[in-house]
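Spelled out from the first residue to the last, the chains are:
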Amino acid sequence: MASSTYSSTSTCHRESRQPPTRLGVLGVGELAESLLVALARGCQREGRYRHDLEFHLSPRNDVRSHRLGWRFGAIRHVSNVAVCESSLCLLVGVRPQQLEALASELRESHALSKDHHLMVLAAGVPLQQLQRWFAPARVVRVMTGLAVCEGQSALTLYPEDPLTRDLLGPAVRQIIAFDDEAAFEASMLAVCVNAWQMAQQQALLDWFQTVPGITGPQARQLLMTQMRDALALMEAHPDTPPGELASRIGTPGTWTARGLEQLGGKEGAHRQWQQVLEGLRSELN
Ligand SMILES: NC(=O)c1ccc[n+]([C@@H]2O[C@H](COP(=O)([O-])OP(=O)(O)OC[C@H]3O[C@@H](n4cnc5c(N)ncnc54)[C@H](OP(=O)(O)O)[C@@H]3O)[C@@H](O)[C@H]2O)c1
């Protein structure tokens, strides 16, 4: 296990190829690991060398940090304090209920300075609270989903922050910054939509396999094609509402139109999705 050898005065800005960008991670959980994988791959795609980016990991999570060490040369530290000494930029990946204990530990050991920049991956904990806990460090909130390691995701950010964009930008297709915290909080539900859509695909897959008896691989291919087509249409017509694109396909009298009518009614599936979003949003607030 490595311990910190870096001075806390070293910069975390990517000003040149020397010294490397150092990103500390407090809480190497499932989501943090996915984001680091995406970041390492994104940086490689941008032509940056492996030694241009260093991950400095907190203790615990042996399996994940060994994997990150093996894949990307990540350095494991003996304590959270050592991580803060190694890196001024820190990704905080602990669960919301674990944040306060982490903050107390760092406060008691005076591990954070005003030069530290924390990017916190946690739903439901307001920025003001985080700033109090992690003072005097600067704090921003970020969120993405587990699919981030596939390199196609968005990262949401509150508030806008150029350093976070610079550091985490290579990990994702786009960064969407919010200037309103309630909107940022609600945007996290978009991450959940991803899983709901896959569960919905499963329901459709089950039907195609069991009722008309299409084979699993064929049904899967058909459904994936449909999702790709929908995405392609939305990308090709960014100024057209998706509902209008759907209506253009489901012209009156078609089977598509009949399905749209049933799914879109007052008791239809679309309304149910909105109700789920509304229920979860009220819990987040
Ligand atoms: N996973 C998802 O699907 C997902 C998707 C979207 C958003 N999120 C959000 O992302 C955040 C992280 O979730 P996650 O699923 O990645 O959680 P996770 O896998 O449980 O990761 C958190 C990790 O932090 C470690 N940890 C806790 N306290 C620590 C401390 N004081 N010092 C060092 N390490 C510490 C935990 O170690 P121990 O295991 O030893 O406790 C755990 O491995 C949450 O806010 C969650 O809501 C998660």
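Residues numbered from 1 in each chain as written. Predicted model: local features only at pLDDT ≥ 70, side-chain atom pairs only at ≥ 80, totals over all residues. Heavy atoms only, no water.

Visitor: Would you take a moment to explain the packing of helix α1 (residues 30-45) against helix α2 (residues 62-72) for this structure?
Guide: Helix-helix packing is characterised by the crossing angle of the two axes and by the distance between the axes. It is the contact of α1 with α2, at a shortest axis distance of 11 Å, that shows an interaxial angle of 5 degrees. Considering the angle they form, α1 stands roughly parallel to α2. Listed contacts from α2 to Glu30, Glu33, Leu36, Val37, Ala40, Arg41 and Gln44 of α1 are Arg64, Arg67, Leu68, Arg71 and Phe72. Considering only residue class, the contact of α1 with α2 consists of five nonpolar, one polar and six charged. (Axes fitted to C-alpha atoms, helices over the stretch in contact; angles between N-to-C directions. Helix = DSSP H or I, 4+ residues; strand = E, 2+ residues; numbered from the N terminus. Parallel < 35°, antiparallel > 145°, perpendicular 65-115°, else oblique. Contact = heavy atoms within 4.5 Å. Nonpolar A, V, L, I, M, F, W, Y, C, P; charged D, E, K, R; others polar.)

Visitor: I tried to follow the domain arrangement of the chain on my own but got confused; where do I start?
Guide: Many structure descriptions define interface size as the accessible area lost when the parts assemble. Considered domain by domain, the chain is made up of domain 1 (21-179) and domain 2 (186-284). Each of domain 1 and domain 2 has a C-alpha centre, and these two points are 33 Å apart. Each side of the interface is counted separately: domain 1 has 11 residues, and domain 2 has six residues. Carbon and sulfur atoms make up 70% of the area that domain 1 and domain 2 hide from each other, which totals about 530 Å². Along the contact surface separating domain 1 from domain 2 lie one salt bridge. For the pair domain 1 and domain 2, the number of links is one residue pair in polar contact (both at pLDDT 80 or more). (Domains from an automatic or database assignment. Buried area = accessible area lost by both parts, 1.4 Å probe. Salt bridge = Lys/Arg side-chain N within 4 Å of Asp/Glu carboxyl O. Polar contact = N/O pair within 3.5 Å; in protein donor to acceptor, adjacent residues only side chain to side chain.)

Visitor: Got a minute to help me understand the site of the ligand in this structure?
Guide: The immediate surroundings of the ligand are formed by 20 residues, with Gly29, Leu31, Arg60, Asn61 and Arg95 found nearest. Taking Glu30, its main chain carries an N or O atom lying 3.0 Å from an oxygen atom of the ligand. In terms of residue class, the shell around the ligand is made up of nine nonpolar, eight polar and three charged. (Near = heavy atom within 4 Å.)

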